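# Observations on chain architecture
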Amino acid sequence: MRLQACFLGLFALFVTGKCSYSPEPDQQLALPPGWVSLGRVDSEEELSLTFALRQQNVERLSELVQAVSDPGSPRYGKYLTLEDVAELVRPSPLTFRTVQKWLLAAGAQNCHSVTTRDFLTCWLSVRQAELLLSGAEFHRYVGGPGEIHVIRSPRPYQLPKALAPHVDFVGGLHRFPPTSSLRQRPEPQVSGTVGLHLGVTPSVIRQRYNLTAQDVGSGTTNNSQACAQFLEQYFHDSDLAEFMRLFGGNFAHQASVARVVGQQGRGRAGIEASLDVEYLMSAGANISTWVYSSPGRHESQEPFLQWLLVLSNESALPHVHTVSYGDDEDSLSSAYIQRVNTEFMKAAARGLTLLFASGDSGAGCWSVSGRHQFRPSFPASSPYVTTVGGTSFQNPFRVTNEIVDYISGGGFSNVFPQPSYQEEAVAQFLSSSPHVPPSSYFNASGRAYPDVAALSDGYWVVSNSVPIPWVSGTSASTPVFGGLLSLINEHRILSGRPPLGFLNPRLYKQRGAGLFDVTHGCHESCLNEEVQGQGFCSGPGWDPVTGWGTPNFPALLKTLINP
């Protein structure tokens, strides 16, 4: 009865604020470092806000992801179409109608949805938005590496309680664009250069991971791969051409990106964007490549959320997506994290392989009630993505065995329980590793990551026509691993098999077959007396620093080509 009373008084709520609830009470509102407020936004300025509508049948979706991703299942590889997913998860007619009426009554303009009907994006004036979202107060901020402008609210928002069964969260109020943790390390010192390499290039990658000149795309399939940018960064075609001229001479490759989705600006190229494109296209050589470039970003939109909307609205997508984006788990609301995780489930059900960088802060560190704990990263901690850690050469100038790159992100989620596919591997690590940190530092029952790794140290990148050495981070390892999976997809498609899809259930069932096991080194963590800057350490089998290890391409192809 009370819910009905709240609903009947819906429009009065814009002013009174009664019968309201907060969808994201745990969202961190502190201004990230490097951002400055420029003051309130004019009340008549237009905003674009995205409303995440409550989905149906999420449990059923989870079951279907397991069925199509487990090689032991009769449904393995029988992926859903976008229309199948839409049929399953689209909100109830009541949800869609209720939210739509509420928005239109508030003066929202030009509202549009996606194929799955579970997002609604509308334009409103600042005045309308602040009446609609009780408590919100829109300010303009400037910051980030490119000094970009965004509009956000430093105060929490509330919605009418009648909308609680219908809206998960509202995008465009709180989360700031992520910053890149990519770094340029000082060049190691060495005397003499006979038989040595002077940094990681495509030929070094191909030598270490045992690719031959024949290990390239055929150019005859509809196979494709993609990377996504959320940093207001751009790549330049001329940089890609120069990179391939310098480093791509001994393998067939494509000289340009096949498709850019979103706004590809004309500003200076960013190192992150250049790195992603150059190494995805040289590892996954001669395979059609797409770039998602802050698609459709307005100052009030969240670029990562906009990318998820694009995935929910396109029926034909690349099979492999590599993403170097991450936030601290604790900085994001539960509603947001859980909903984004469902978006990853939708992608997995459709047979998409999503690879995320594990981060560049080792185990991370933060203080909770005066006690240090490790700090997991999201989306790296999602159980529905494949997370890529980082390694270095044992000898930085020779193509040798790999050891842990101390920055390689890894650990245990504080949000997601451990998925069944990895329980055995994690239990083995915790019971056998001689260097497990104190249990108070991590949630041993959480989703553990990364799943795999690749070289992340000392890359050459061409950006703004300049070759730049010693670029490092899991932003480098992720497109490399993604490119190699695209080559395996090429073989599968040519032999009439479906693409790999969500890799983790198969990866753990095969216990890392086809990967070089990385068994030496530890990553960084809290600089205190108890752990003294050391997080987890690698060892035989899976570990939360390098996962199952780095690719040995011929063996990995053999492992993943059938069924």
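Cut-off values and rules
- Residues numbered from 1 in each chain as written.
- Predicted model: local features only at pLDDT ≥ 70, side-chain atom pairs only at ≥ 80, totals over all residues.
- Heavy atoms only, no water.
- Axes fitted to C-alpha atoms, helices over the stretch in contact; angles between N-to-C directions.
- Helix = DSSP H or I, 4+ residues; strand = E, 2+ residues; numbered from the N terminus.
- Left-handed = near helix turned anticlockwise from the far one by under 90°.
- Contact = heavy atoms within 4.5 Å.
- Nonpolar A, V, L, I, M, F, W, Y, C, P; charged D, E, K, R; others polar.
- Pairing = 2+ DSSP bridges.
- Disulfide = S-S within 2.5 Å.
- Buried < 20%, exposed > 50% of the residue type's maximum accessible area, 1.4 Å probe, protein only.

### Some details on the packing of helix α10 (residues 303-311) against helix α11 (residues 334-349)
For any two helices packed against each other, the geometry comes down to the angle between their axes and how far apart the axes lie. At a minimum axis distance of 10 Å, the contact between α10 and α11 shows a crossing angle of 35°. When the axes of α10 and α11 are compared, the crossing they make is left-handed. Together, F304, W307 and L308 of α10 and Y336, V340, E343 and F344 of α11 make up the contact between the two elements. Of the residues that constitute the contact of α10 with α11, the class distribution is six nonpolar, no polar and one charged.

### What about the sheet that holds strand β6 (residues 139-143)?
Ordered in space as β2-β6-β7, the three strands form an open sheet in which the pairing is antiparallel. The outermost strands of the open sheet, each flanked by one partner alone, are β2 (36-40) and β7 (148-152). Strand-to-strand twist of the sheet, defined as the mean angle between neighbouring strand axes without regard to direction, takes the value 25°. Both β2 and β6 contribute to a ladder of three bridges, which runs antiparallel. When the sheet's bridge partners are listed, V36 is paired in β6 with V142.

### Observations regarding the state of the cysteines
A complete count under the given rule lists three disulfides for this structure. The partner cysteine of C111 in its disulfide is C122, sulfur to sulfur 2.0 Å. On the S-S bond that ties C111 to C122, the torsion sits near 120°, and the link is right-handed. Pair noted here: C111 is in strand β4 (residues 109-113) and C122 is in strand β5 (residues 119-125), with a separation of 11 residues, a long-range link. The class for C111 is partly exposed, based on a relative accessible area of 27%. We classify C122 as buried; its relative accessible area is 0%. When the cysteines engaged in disulfides are numbered in sequence order, the protein chain pairs them as 1-2, 3-5, 4-6.

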